[in-house]
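# Commentary on secondary and tertiary structure
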Amino acid sequence: DAKTTQPPSMDCAEGRAANLPCNHSTISGNEYVYWYRQIHSQGPQYIIHGLKNNETNEMASLIITEDRKSSTLILPHATLRDTAVYYCIVESRGNDYKLSFGAGTTVTVRA
Amino acid sequence: GAGVSQSPSNKVTEKGKDVELRCDPISGHTALYWYRQRLGQGLEFLIYFQGNSAPDKSGLPSDRFSAERTGESVSTLTIQRTQQEDSAVYLCASSPPHRPYEQYFGPGTRLTVT
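Throughout what follows, the structure given in this document is the object of discussion. (Residues numbered from 1 in each chain as written. Chains lettered and ligands numbered in written order. Predicted model: local features only at pLDDT ≥ 70, side-chain atom pairs only at ≥ 80, totals over all residues. Heavy atoms only, no water.)

## Some words on unusual backbone geometry
The amide bond that connects serine 7 of chain B to the next residue, proline 8 of chain B, takes the cis arrangement and shows omega of -10 degrees. Relative to the elements of secondary structure, proline 8 of chain B occurs in the loop between β1 (5-7) and β2 (10-13). At serine 41 of chain A, a residue that is not glycine, the phi angle is positive and equals roughly 65 degrees. Considering the arrangement of structural elements, one finds serine 41 of chain A in the loop between β3 (31-38) and β4 (45-50). Judged by relative accessible area, which is 54%, serine 41 of chain A ranks as exposed. (Helix = DSSP H or I, 4+ residues; strand = E, 2+ residues; numbered from the N terminus. Buried < 20%, exposed > 50% of the residue type's maximum accessible area, 1.4 Å probe, protein only.)

If you want it as structure tokens, here you go:
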């Protein structure tokens, strides 16, 4: 599985877009990029995933570079409730299904 | 629709007692997972159920831990003769068919063994 690199922390102003980068330079062709987050004292929450194309859902947008070596999760209008640790993971859709999070990015949204 | 639910939300038990934790997955999700998360730690995989296939029990830490699932619905995780090191949040997740990394988590059961 490809390794991902994320900044340890970032701050964001409430109401502004939060852009969370993730590097995955060793990603292989059949591996997807998944984003989860974990708000303090809650279970992890699936956000979005993508393979090559940019994706958008009600929570966020995922921008994947053309070479697929990096991606950015965009929270378009961050709220205080978006304060959480955000995890970028890269996995293939093979038989392994065990989620494993790295250190993630601790995002603090400030009023 | 309804998400994954777990009960109880909190459980305090004495060392040596047995506990049973329940998970109700999202309807239509064929896969169900149990994880454990100790305070300040990452997810620790415990067990995976997929349809009628034999479960993957490779993450269960000892034979005191067992889990059952009825068809594609409710699952129970049982811990026998609990130990203090079993104290953790036990998380259940389910995923849609053929999308194993799109896991939807319940709120967890916080287990405290005194």
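## Overview of the pairing of strand β5 (residues 44-50) of chain B
The side chains of a regular strand alternate between the sheet's two faces. Residue and element names in this part refer to chain B. Counted residue by residue, β5 has five buried out of seven residues, so it is predominantly covered. Bridge count between strand β4 (residues 31-37) and β5: six bridges; the pairing is antiparallel. Of the residues in β5, the one forming a bridge with alanine 31 is glutamine 50. Linking two consecutive strands that pair antiparallel, namely β4 and β5, is a turn of six residues; a positive phi of about 75 degrees is found at glycine 40 within it. (Pairing = 2+ DSSP bridges.)

## Considerations on the interface of chain B and chain A
The interface of chain B with chain A comprises 19 residues on the first partner and 15 residues on the second. Of all residues in chain B, the largest losses of buried area upon contact with chain A belong to Leu43, Tyr101 and Phe105 of chain B, amounting jointly to 42% of the total for that side. Applying the counting criterion to the chain B and chain A interface returns one salt bridge. Between aspartate 56 of chain B and lysine 98 of chain A there is a salt bridge whose closest N-O contact spans 3.7 Å. Inspection of the chain B/chain A interface yields nine residue pairs in polar contact (both at pLDDT 80 or more). (Contact = heavy atoms within 4.5 Å. Buried area = accessible area lost by both parts, 1.4 Å probe. Salt bridge = Lys/Arg side-chain N within 4 Å of Asp/Glu carboxyl O. Polar contact = N/O pair within 3.5 Å; in protein donor to acceptor, adjacent residues only side chain to side chain.)

## Quick word on the environment of serine 61 of chain A
All names here are of chain A. With respect to the helices, strands and loops of the structure, serine 61 is situated in strand β6 (residues 61-64). Taking the C-alpha atoms as reference, serine 61 lies 5.1 Å from isoleucine 74; in sequence the two are 13 residues apart. Setting aside chain neighbours within four positions, we find serine 61 in contact with Ile48, Glu55, Thr56, Thr72, Leu73 and Ile74. A distance of 3.0 Å separates the side chain of serine 61 from the side chain of threonine 56, its partner in a polar contact.

Any functional reading would require information beyond the geometric quantities listed.
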